[in-house]
Each structure stands twice: as structure tokens, then as C-alpha cells.
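Structure at a glance
Chain residues, written in single-letter form:
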Amino acid sequence: MPADARVGAVAEAIVKVVYAPSVKRLFRVHIDPTQDGAEVAFGVIDRVRMEMLNRVRLDELLSAVKK
């Protein structure tokens, strides 16, 4: 963890999610003080998961994500 990492960034992200209207709430929030690329990797993982669920016809599990 970088010495200058702001622990308050996590609290700020939580407040932002809690106060967002439910239709605009993000599926996943990233706080990455190391800037190691996790946000990009999770985006790819989410896309692959959605494609797999569509392929096996379980896309109804994505209803919360599609909103």
C-alpha cells in the first residue's frame, strides 16, 4: 500500500454508492491506491461472466446488472 494512500477514499465511495439512486448504483466500485490495473481486470471479468451467462441462457441473473 502506498504511504500516501487515503483511507477516506473508501468512506467517500461508500457514501457515494449509498446516496446514489438505485437505478444508477454501480455494480462494482474500485478504490485502488496502488493503480495496479484491478479496475480494468474486473471490467474484463464482468464482461466474460455476462457473455457466459448469456451463452448458457442464464441471463436473467444479470437483471440487476443491466439496470
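Residues numbered from 1 in each chain as written. Predicted model: local features only at pLDDT ≥ 70, side-chain atom pairs only at ≥ 80, totals over all residues. Heavy atoms only, no water.

Further remarks concern the side chain of Asp32. Position of Asp32 among the secondary structure elements: in the loop between helix H1 (8–19) and helix H2 (38–55). Classification of Asp32 by relative accessible area gives buried; the value is 18%. Of the polar contacts made by the side chain of Asp32, one reaches the side chain of Thr34; its length is 2.8 Å. Leave out the neighbours within four places in its chain, and Asp32 touches Gly37 and Ala38. (Helix = DSSP H or I, 4+ residues; strand = E, 2+ residues; numbered from the N terminus. Buried < 20%, exposed > 50% of the residue type's maximum accessible area, 1.4 Å probe, protein only. Polar contact = N/O pair within 3.5 Å; in protein donor to acceptor, adjacent residues only side chain to side chain. Contact = heavy atoms within 4.5 Å.)

The next thing to look at is a nonpolar patch on the surface. Where nonpolar side chains cluster on the molecular surface, the patch consists of Val10, Ile14, Val15, Val18, Tyr19, Leu26, Val29 and Ile31 and spans about 780 Å² of accessible area. The residue Leu26 is located in the loop between H1 and H2 in this model. (Patch = residues over 30% accessible without salt bridge, like charges linked within 9 Å, V, L, I, M, F, W, Y side chains within 5 Å. Areas by Shrake-Rupley, 256 points an atom, 1.4 Å probe, with all protein chains shown as cover. Salt bridge = Lys/Arg side-chain N within 4 Å of Asp/Glu carboxyl O.)

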